[in-house]
Amino acid sequence: MNNEVRSEILHQKLAASGLRSTRQREIVYDAILSKRDHPTADEIFVRAKQEMSTISLATVYNCLDTLVQCDLVKQVHLERESTRYCPNLTEHAHFHDNESGTIYDVQLDPETISKLTHLLPEGFDVSTIDITFRGRAAT
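First, a word on scope: everything that follows refers to the structure included in this document. Note that the coordinates shown come from a computational prediction; the quantities given were computed from them, not determined experimentally.

Focus on the environment of C63
(1) Moving on: Checked against the element boundaries, C63 lands in helix 4 (residues 57-69).
(2) Moving on: Sequence-wise, C63 and L119 are 56 residues apart; in three dimensions their C-alpha atoms are separated by 36 Å.
(3) Moving on: The contacts of C63, once residues within four sequence positions are left out, are Q24, R25 and V28.

Here you go:
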């Protein structure tokens with residue numbers, strides 16, 4: 001996705017929530033999209049600082065909260081680890097490599113998602129599915 005498309009998506013999603021695009025929000029969003037490696041807020045802060053030396057960690061956290069609220073990124077919670085941020089907005093699972101700490105997206109096809117939601121008792125309504133596989137990635 002090129003920078004113009006990124007900026008337009010960011011602007012549209014923020015505007016739909018009654019917010020405006022700021023340079024800080026653009027930098028934080030770009031920091032997440034640049035590697036697609038599920039970075040933590042601290043890692044995003046380091047990347048953002050390279051683009052804007054005056055940005056603070058508090059500003060990065062505020063921008064992340066806004067990006068999550070506007071459905072531009074998802075939070076990924078792994079047991080006893082810092083929250084990570086994922087720009088993949090499709091329903092998917094994650095694979096966490098226990099040795100390297102790397103997190104990989106695992107795409108889930110609609111049939112698999114349907115099977116998973118049908119495992120719930122009648123009357124339950126699914127809003128999101130969070131699945132994390134753990135192990136060692138192929139080398």
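Notes on the pattern of salt bridges
(1) Moving on: Scanning the model with the defined rule gives 5 salt bridges in all.
(2) Moving on: Taking the shortest distance from any N to any O, the salt bridge between D30 and R6 comes out at 3.4 Å. Pair noted here: D30 is in helix 2 (residues 23-35) and R6 is in helix 1 (residues 3-16), with a separation of 24 residues, a long-range link.
(3) Moving on: Residue class for D30 comes out partly exposed when judged on its relative accessible area of 27%.
(4) Moving on: Accessibility expressed as a relative area gives 14% for R6, which makes it buried.

Remarks on the layout of surface pockets
Leftover empty space is mapped by rolling, across the atoms, a probe with the size of a water molecule.
(1) Moving on: Of the voids in this model, the largest pocket is the one considered here, and its volume is about 300 Å³.
(2) Moving on: K74, Q75, V76, H77, E91, H92, H94, T128, I129, D130, I131 and T132 are the residues that line the largest pocket.
(3) Moving on: Broken down by secondary-structure element, the contributors of at least two residues to the lining of the largest pocket are strand 1 (74-76) and strand 3 (92-97).
(4) Moving on: Among the elements that take part in the lining of the largest pocket, strand 1 stands out by supplying 3 residues, more than any other.
(5) Moving on: Residue composition of the lining of the largest pocket, by class: 3 nonpolar, 6 polar and 3 charged.

Quick notes on the nonpolar core
(1) Moving on: Grouped together as the largest cluster of nonpolar side chains are 21 residues, with contacts concentrated most on V28, I32, I44, L64 and L67.
(2) Moving on: When residues of this core are traced back to their parent elements, those giving at least two are helix 1, helix 2, helix 3 (41-51) and helix 4.
(3) Moving on: With 6 residues, helix 2 is the largest single contributor of residues to this core.

Examining the state of the cysteines
(1) Moving on: Throughout the structure, instances matching the rule amount to 0 disulfides.
(2) Moving on: Free cysteine: C63, not disulfide-bonded; nearest cysteine sulfur from C70 at 11 Å.
(3) Moving on: C63 gets classed as buried once you look at its relative accessible area, which sits at 5%.
(4) Moving on: Just so you know, C86 is unpaired, no disulfide at all, and the nearest cysteine sulfur is the one on C70, 17 Å from it.

Quick word on unusual backbone geometry
(1) Moving on: One non-glycine residue, R36, lies in positive phi territory at about 55°.
(2) Moving on: Tracing the chain through its elements places R36 in the loop between helix 2 and helix 3.
(3) Moving on: Of note, the phi angle at D71 is positive, near 60°, even though the residue is not glycine.
(4) Moving on: Note on placement: D71 falls in the loop between helix 4 and strand 1.

A short note on a nonpolar patch on the surface
(1) Moving on: Taken together, the side chains of L120, F124 and V126 make up a nonpolar region of the molecular surface, amounting to roughly 270 Å² of accessible area.
(2) Moving on: Relative to the elements of secondary structure, F124 occurs in the loop between helix 5 (110-117) and strand 5 (132-135).
(3) Moving on: You can call F124 exposed: its relative accessible area is 56%.

Rules used in this analysis
Counting restarts for each chain, with residues numbered from 1 along the sequence as it is written. The predicted origin of the model limits local features to residues at a pLDDT of at least 70 and limits the giving and counting of side-chain atom pairs to 80 or more, whereas totals for whole chains, interfaces and linings rest on all residues. Here the side-chain values reflect all heavy atoms present in the structure, with hydrogen atoms and water set aside. Helix and strand definitions here come from DSSP, where helices need a minimum of 4 consecutive H or I residues and strands a minimum of 2 consecutive E residues; each element is numbered from the N-terminal end. Here, two residues are considered to be in contact whenever any of their heavy atoms come within 4.5 Å of each other. Definition used for salt bridges: Asp or Glu carboxyl oxygen within 4 Å of a side-chain nitrogen of Lys or Arg. Think of it in three bands: with a 1.4 Å probe and only protein chains considered, a residue is buried below 20% of the maximum accessible area for its type, exposed above 50%, and partly exposed in between. A pocket, in this scheme, is an open set of points on a 1 Å grid over the protein atoms alone with protein on both sides within 12 Å along at least 5 of 7 lines, while a cavity is a set where a 1.4 Å probe fits but cannot get out; residues line either one if an atom lies within 4 Å of a point. Grid points are joined across faces, edges and corners, and a volume is the space filled by probe spheres set on the points. Gly falls in the polar group here, along with every residue not listed as nonpolar (Ala, Val, Leu, Ile, Met, Phe, Trp, Tyr, Cys, Pro) or charged (Asp, Glu, Lys, Arg). We define the nonpolar core as a collection of buried residues of types Ala, Val, Leu, Ile, Met, Phe, Trp, Tyr and Cys that are connected through side-chain atoms lying within 4.5 Å of one another. Two cysteine sulfur atoms form a disulfide, by the criterion used here, when they sit within 2.5 Å. Two distance rules govern patches: like charges are joined within 9 Å, and nonpolar side chains (Val, Leu, Ile, Met, Phe, Trp, Tyr) within 5 Å, applied only to residues with over 30% relative accessible area and no salt bridge. Calculation of accessible area relied on Shrake-Rupley with a 1.4 Å probe; when residues are assessed, cover is drawn exclusively from the protein chains displayed.

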